[in-house]
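# Overview (structure and organization)
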Amino acid sequence: MKFMVCPQCGIANFYVKNSIGERLNVKVTREFVIIPVDKSKSLEGFNLNELFCLGCSWHGKINDLKKFL
Ligand SMILES: [Zn+2]
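Here is a short report on the structure shown in this document. Quantities reported herein were computed from a predicted structural model and do not represent experimental measurements. (Residues numbered from 1 in each chain as written. Predicted model: local features only at pLDDT ≥ 70, side-chain atom pairs only at ≥ 80, totals over all residues.)

Broken down by element type, the protein chain carries zero helices and seven strands. For the protein chain, whose C-alpha radius of gyration is 11 Å, the value lies close to the compact-globule estimate of 11 Å for 69 residues. Dimensions along the principal axes, computed over C-alpha positions, put the protein chain at roughly 35 × 25 × 20 Å. Residue burial in the protein chain is summarised as follows: out of 69 residues, 17% are buried. A fraction of 58% describes how many contacts in the protein chain between residues 6 or more apart in sequence connect residues 24 or more apart. (Helix = DSSP H or I, 4+ residues; strand = E, 2+ residues; numbered from the N terminus. Rg over C-alpha atoms; globule rule 2.2 N^0.38 Å. Buried ≥ 20, exposed ≤ 12 C-beta atoms within 10 Å, placed from the backbone. Contact = placed C-beta atoms within 7 Å.)

Structure, rendered in structure tokens:
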């Protein structure tokens, strides 16, 4: 499966946060579907409107991600 990557550093690993600041590691498919890296975890309660890169300081919206070439 191909994943979207960070526009700043080019890795495909991100996290999202919930209202109490917990982090969940996710990836984003080319169809802009957010999936948890740990498939036993749920996205419920997490804010999917803001993604944080695990490799650099980038954070932003899913639409700002780049396709890995
Ligand atoms: Zn990055």
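Mapped onto the fold, Asn47 is located in strand E5 (residues 46-53). In this structure, the C-alpha to C-alpha distance between Asn47 and Ser19, residues 28 residues apart in sequence, is 7.7 Å. Asn47 has contacts with Val16, Lys17 and Asn18, leaving out every residue within four places of it along the chain.

What follows covers the nonpolar core. General note: in soluble globular proteins, nonpolar side chains tend to be found buried as a group. By size, the foremost hydrophobic cluster in this structure holds 12 residues: Met4, Val5, Cys6, Phe14, Val16, Leu24, Val26, Val28, Phe46, Leu51, Cys53 and Leu65. Secondary-structure elements contributing two or more residues to this core are strand E1 (4-5), strand E2 (14-18), strand E3 (23-28) and E5. Setting aside residues up to four positions removed in sequence, Phe14 forms contacts with Val26, Val28, Leu51, Phe52, Cys53 and Leu54. (Core = buried A, V, L, I, M, F, W, Y, C linked by C-beta atoms within 7 Å.)

If you walk across this open sheet you meet the five strands as E4-E3-E2-E5-E6, and the pairing is antiparallel. The outermost strands of the open sheet, each flanked by one partner alone, are strand E4 (34-36) and strand E6 (59-60). Sheet analysis places E5 next to E6, joined by two bridges and oriented antiparallel. Residue pairing for E6: Phe52 is matched across the bridge by His59. (Pairing = 2+ DSSP bridges.)

What follows covers unusual backbone geometry. Despite not being glycine, Phe32 has its phi angle at roughly 60°, a positive value. Turning to its location among the elements, Phe32 is positioned in the loop between E3 and E4.

On to the pairing of E3. Residue alternation in E3 divides its side chains into a buried set, Leu24, Val26 and Val28, and an unburied set, Arg23, Asn25 and Lys27. Taken together, the four bridges between E2 and E3 define a ladder with antiparallel strand orientation. Bridge assignment links Tyr15 to a residue of E3, and that residue is Asn25. Pairing analysis gives three bridges linking E3 to E4, with the strands arranged antiparallel. Considered in E4, the bridge of Val26 is made with Pro36. What sits between the antiparallel neighbours E3 and E4 is a turn of five residues, in which Phe32 has the positive phi angle 60°.

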